[in-house]
Amino acid sequence: QVQLVESGGGLVQPGGSARLSCKIFGDLFGSYFKKWYRQAPGKQRELVAALADVGPVHYADSVKGRFTISRDDVGSTVFLQMNNLQLEATALYYCNVHHSIFHCIGYWGNGTQVTVSL
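The following refers to the structure shown. Position labels on residues start from 1 in each chain and follow its written sequence. Reporting of local features is limited, given that this is a predicted model, to residues whose pLDDT is at least 70; pairs of side-chain atoms are given and counted only at 80 or more, and all residues count toward the totals for whole chains, interfaces and linings. Water and hydrogen atoms play no part in the side-chain values, which are based on all heavy atoms of the structure.

Turning our eyes to something else, we now look at the overall build of the protein. A count of helices and strands for the protein gives zero helices and eleven strands. Helix and strand assignments follow DSSP, with helices taken as H or I runs no shorter than four residues and strands as E runs no shorter than two, numbered in order from the N terminus. Overall, the protein shows an N-to-C arrangement of helices and strands of β-β-β-β-β-β-β-β-β-β-β. For the protein, whose C-alpha radius of gyration is 14 Å, the value lies close to the compact-globule estimate of 13 Å for 118 residues. Overall, the protein is about 45 × 30 × 25 Å in size when its C-alpha atoms are taken along their principal axes. Out of the 118 residues in the protein, the part that is buried amounts to 40%. Partitioning the contacts of the protein with sequence separation of at least 6, the portion at a separation of at least 24 is 55%. The accessible surface values rely on the Shrake-Rupley method and a 1.4 Å probe; as for residues, cover is taken only from the protein chains in view. For the protein, the accessible area works out to roughly 6,600 Å², and carbon and sulfur atoms hold 52% of it. Here the positive residues are Lys and Arg and the negative ones are Asp and Glu; neither His nor the chain ends is included. To locate a charge, the coordinates of NZ of Lys, CZ of Arg, CG of Asp or CD of Glu are taken. Here the protein contributes 10 positively and 8 negatively charged side chains, and the mean placements of these two sets differ by 4 Å. Atoms counted for the radius of gyration: C-alpha only. Globule rule: 2.2 Å times residue count to the power 0.38. In this scheme, a residue with accessible area under 20% of its type's maximum is buried, one over 50% is exposed, and one in between is partly exposed, where area comes from a 1.4 Å probe on protein chains only. Whether two residues are in contact is decided by their heavy atoms, any of which lying within 4.5 Å being enough.

Two elements, strand β4 (residues 32-39) and strand β5 (residues 46-51), share five bridges in a ladder whose sense is antiparallel. Bridge assignment links Trp 36 to a residue of β5, and that residue is Ala 49. Between the antiparallel neighbours β4 and β5 lie six residues, among them Gly 42 with a positive phi of about 80°. In this scheme, strands are said to pair when DSSP sees at least two bridges between them. As judged from the two bridges shared by β5 and strand β6 (residues 58-59), these two strands associate in the antiparallel manner. Each bridged residue has a counterpart across the sheet, and for Ala 49 the counterpart in β6 is Tyr 59.

As structure tokens, this is what we get:
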């Protein structure tokens with residue numbers, strides 16, 4: 001059984017930074033996309049960033065230039081570096097991994113809350 005555990009959320013001042021981590025427990029066999037989603041109260045879940053084994057990185061237009069997704073394969077961890085955070089970034093951030101071909105094979109973490117406020 002694969003489990004994802006997010007960490008790094010908390011209260012951040014406007015203009016501040018945070019780094020989210022997604023630790024992958026268990027083994028992922030094959031090629032998997034690594035993604036970060038977020039969901040604010042009353043809004044639908046949106047894709048923030050996505051990273052594949054090969055190819056360019058995807059970012060939502062709203063975070064381009066400020067967020068960076070990366071991974072540490074040795075430590076089985078996916079990161080999301082968030083800089084210049086603004087109020088609209090307040091949301092529950094979820095880590096997701098799914099097979100690059102068989103998309104129904106995937107896993108979600110329980111989320112980590114990021115709150116941007118003075």
